[in-house]
Amino acid sequence: MAWFRGLCEKHGYVFAALCIAVSTLVFIPGRDYFAKGQWALMYLPIIVLVAGMSGVRPALLASLLAFLAWDFFFLPPYHTLIVSDPKDWISLVVFLIIAVVMGLQTGRMKDRESMALAREREATLLNRFSSHLVSQTTLAGMAEMLLQEVCGATGAENAALYLRKENGELFRAATHRVGGDGIETSSALGIAEWAGRESKAVGLPSTRRMGKETESWPVSIDAETLGHADERGIFLPLHTEESMEGVLYVGPRRDGHSFSVHDARLLISIANQATAYLERRRLTGIASQAEALKESDRLKSAFVRSVSHELKTPLASVTATVTGLLEDDANWDHEAVREELSAISQDLDRLNDSIGSLLDLSRLEADAWVAQKDWYELGEILGTTVSRISAKQRHRIEFALPEDLPPIYVDFAQLSRALENLLENALAYSPESESVYVGAADSRDGVRIWVEDHGEGIPDDEKARIFEKFYRGKSAEKVPSGTGLGLVIAKEIVRYQGGTISVTDAKPHGARFTIFIPKERQENR
Amino acid sequence: MPSPEPKSKILVIDDEEQIRRALKSILGSRGYEVLLASGGVVGLDMAIDSTPDLVILDLAMPDMGGLEVCRELRTWFEAPILVLSVRSSDAEKIEALDAGADDYLTKPFSAGELLARIRALLRRAGGRAVPAPVVSAGDIEIDIAHRRVTRCGEDVDLTKTEFEILALLARNADCVVTSRMILQTVWGEEYADDTQTLRVHISHLRKKVEPHASVPRYILTEPGVGFRFSTH
């Protein structure tokens, strides 16, 4: 039924003429059974029908035709427009008035109804579109959704979205095709460029017009005439006051008709929303880039500050001690000199640690520390790692490794460095009387290695920050040395090996650092 | 502490003056005769003229790379070469060991570390004359002459190959022994590249002598290089 209504709406005048013609043909054989005035009444429902189906203008046509048909076929003398009885003149005029008024009333109602329907359809669609738009996080997802909606709403056989590259040139970001042949790529891009540059909607003329008007091709059209454009496709620039975000191409309708005014309005609304989305997205991108730059500047200066602190403190201490020893006016006995020298030695160790850490970090960040992976037993890595820890602390470390732990595919030196950093931390941040535990477990997805201490632990709000450069926990003041780089290096190394590092609370208190080395990554390499 | 071999001659090849000065004072004060060369070319000449008992060679030198000097020296020079490297040049260090260097030290190092390595290397070089009779570390004791290994006073049953590996490592206690050297010594020249076999034997050996089942304390892996028997 809907298609019939659609047909009546589209070809209202034809429908009106057809209705009057058919009804007249039906009425003529019964001309002698009813009074001539009654035939006028018979036409009225037909006019109402036309008004209801096709709106005001066709109804007016139907009224006029009915007026003529009544006069011509039913008022004597028949088959002339001449009216013999002067009283019939009055009937004729009254009929015309009644017909027109009825047609107008019903037609207006009909027009309002169809407009309301269209508005509602439009509003639902736009609503859905905007809610989808909000939920789209990727540009590709947004483009796909936009084109689908456009094709669905307007009945276009295909659609495409052109977006701007960094250099301002357009590229075809996405296409959607329901039917038809699609659009030729090279010329389409040119027209899209033109539409974008001129900020004008551009229509590709229909094939039947193209032969004659090649000179004015493509045709520039504005939003008002869009609805009546008899085009194969439309290029709509997506532009705001300041910028051009892209161009939307909407192909011809699948049914071959041109776009209706509603379609055009809908298209423009959708285009506006898409434009707003694209602009917001671009601006957010710019803003976050600026934010990231600022953050990186801040980190850099924090880095320089911390580095100079880390390097200068032990250096200052060594300088002071050595120059003190060199002074003539003091009397140093042998024991005192030894004491000073051992302090210097400690400072130098610290300096060496700091420089080593910085070197490791910069090698990792510059990707200059090339991982040399091979299959190793975790135990042998731990053995070598522990041998680098001072003999005084070594006995505090306890191992709980399963016997059947499979070999892992890692860079020995790097993983060893990461584990050493975790162990040094665990030893430093827990009391001398407490052991530090190293454990491991194999699972289907990978191997977990953990280092656990029973110190004070790490408060929840510090857990994420301890992996940042130079961040030292609140309890760090009690620990004399430490560069604030150990965990950063561990994290970078583990990331470099394709794994992750995390920290949780140990029971009853303390911290447990877990390194996870995934399996599938290992086998793929 | 046993006194060093009388008047062992040590040639230091390093382009950095501070390092040469420090080494001279450390070694000189321990009774060694110290020769200093400020570059690779000079160093090679001095080695020919004076035939030192040990060469300390810096890997990073401007005129002639330490690696090249090492290769050149090894064409005729048989005494130990100790290589000095920096932290970031692991690959170079491994190459140097392949090129015939005997051990390495990472800068900065302590005087104690340096002297321990030198003593171990000189002992190894003169080893045929004075075999180290018994090497002990923690609770294990290796009596090389009597082919006997004990742990906490109890005999450890080793296969012939396992014992030979352990004995080689123990004779070079606290020095790195390259996989190639172990393979050549224990299996023979033609097996020099069969590192996989070596790993399997090392794994068995560890199970027998190490106090902890999976974390070695004595037989440590030197990644990419070989193994080291640690007595500390």
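Criteria and thresholds
Residues numbered from 1 in each chain as written. Chains lettered and ligands numbered in written order. Predicted model: local features only at pLDDT ≥ 70, side-chain atom pairs only at ≥ 80, totals over all residues. Helix = DSSP H or I, 4+ residues; strand = E, 2+ residues; numbered from the N terminus. Buried ≥ 20, exposed ≤ 12 C-beta atoms within 10 Å, placed from the backbone. Contact = placed C-beta atoms within 7 Å. Nonpolar A, V, L, I, M, F, W, Y, C, P; charged D, E, K, R; others polar. Pairing = 2+ DSSP bridges. Axes fitted to C-alpha atoms, helices over the stretch in contact; angles between N-to-C directions. Expected span 1.5 Å × (residues − 1). Bend = angle between axes of the 7 residues up to and from the residue. Core = buried A, V, L, I, M, F, W, Y, C linked by C-beta atoms within 7 Å. Domains from an automatic or database assignment. pLDDT = per-residue confidence, 0-100.

## A look at the overall build of chain B
Each helix and strand in chain B was counted, giving eight helices and 12 strands. Out of the 232 residues belonging to chain B, those deemed buried represent 38%. Considering only intrachain contacts with a sequence separation of at least 6, the fraction spanning at least 24 residues in chain B is 58%.

## Quick notes on the overall build of chain A
Regarding its fold elements, chain A presents 17 helices and 13 strands. Intrachain contacts of chain A at a sequence separation of at least 6 include 68% that bridge at least 24 residues.

## A word on the interface of chain A and chain B
Facing the 17 residues of chain A at the interface are 16 residues of chain B. Among the elements of the structure, α11 (334-365), α12 (378-387) and α14 (412-428) of chain A are those that each provide at least two residues to the side of chain A that touches chain B. For the side of chain A that touches chain B, the leading source of residues is α12(A), giving six residues. Its residues placed into classes, the side of chain A that touches chain B shows seven nonpolar, seven polar and three charged.

## Digging into the sheet that holds strand β12 (residues 226-229) of chain B
Residues and elements named next belong to chain B. Taken in spatial order, the three strands line up as β10-β12-β11 in an open sheet, and their pairing is antiparallel. Each having just a single partner strand, β10 (176-178) and β11 (219-222) make up the two edges of the open sheet. Strand-to-strand twist in this sheet, taken as the mean axis angle between neighbours without regard to direction, amounts to 35°. Sitting on the sheet, helix α6 (residues 160-171) is in contact with β10, β11 and β12, with an inclination near 65° to β12.

## Structural notes on helix α10 (residues 261-326) of chain A
An α-helix turns once every 3.6 residues. As a result, residues three or four positions apart point the same way. Residue and element names in this part refer to chain A. Across its 66 residues, α10 extends 96 Å between first and last C-alpha, which sits within 8% of the 98 Å expected from 1.5 Å per residue. In the structure, α10 departs most strongly from a straight axis at Lys 312, where the bend amounts to approximately 25° and where the proline Pro 314 lies between one and four residues downstream. Turning to α10, its buried residues number three or more, namely Asp 263, Ala 264, Leu 266, Leu 267, Ile 270, Ala 271, Ala 274, Thr 275, Tyr 277, Leu 278, Glu 310 and Pro 314.

## Some details on the nonpolar core
Grouped together as the largest cluster of nonpolar side chains are 60 residues, with contacts concentrated most on Val55(B), Ile56(B), Leu57(B), Val83(B) and Leu166(B). No other element matches the six residues that α6(B) contributes to this core. Taken together, domain 1 (9-125) and domain 2 (134-229) of chain B each give at least three residues to this core, which thus spans both. Beyond its immediate sequence surroundings of up to four residues, Leu57(B) is in contact with Ile13(B), Gly66(B), Val69(B), Cys70(B), Ile81(B), Val83(B) and Leu84(B). Within the second largest apolar cluster, 40 residues are counted, among which are Tyr429(A), Ala440(A), Val494(A) and Phe513(A).

## Focus: unusual backbone geometry
Cis geometry is adopted by the peptide bond preceding Pro508(A), which originates at Lys507(A) and carries an omega value of 0°. One can find Pro508(A) in the loop between β12 (500-505) and β13 (511-518). Residues Lys107(B) and Pro108(B) are joined by a peptide bond in cis, for which omega reads -5°. Turning to its location among the elements, Pro108(B) is positioned in the loop between β5 (103-106) and α5 (111-125). Residues other than glycine seldom take positive phi values, yet Thr51(B) does so here, at roughly 35°. Summarising the element assignment, Thr51(B) is placed in the loop between α2 (40-50) and β3 (54-58).

## Quick notes on the sheet that holds β3(B)
All names here are of chain B. Pairing is parallel in the open sheet, where five strands are placed in the order β2-β1-β3-β4-β5. Taken across any chain shown, the strands that pair with only one partner, and hence form the sheet edges, are β2 (33-37) and β5. With strand direction ignored, the average angle separating the axes of adjacent strands in the sheet is 20°. Where strand β1 (residues 9-13) lies against β3, four bridges are found, and the strand directions are parallel. Each bridged residue has a counterpart across the sheet, and for Ile 10 the counterpart in β3 is Leu 54. Packing of helix α1 (residues 17-29) onto the sheet brings it into contact with β1, β2 and β3, and relative to β2 it is tilted by some 170°. Together, β3, β4 (81-85) and β5 form the strand contacts of α5, whose direction differs from that of β5 by roughly 175°.

## Here's the deal with the confidence of the model for chain A
Residues and elements named next belong to chain A. Scored by pLDDT, chain A has a mean of 81; 89% of the residues are at 70 or more. Within the model, the stretch residues 206-219 combines pLDDT values under 50 with 15 contacts to residues more than four positions away or in other chains. Contacts of residues 521-525 to residues separated by more than four positions or lying in other chains number five contacts, the stretch itself having pLDDT below 50.

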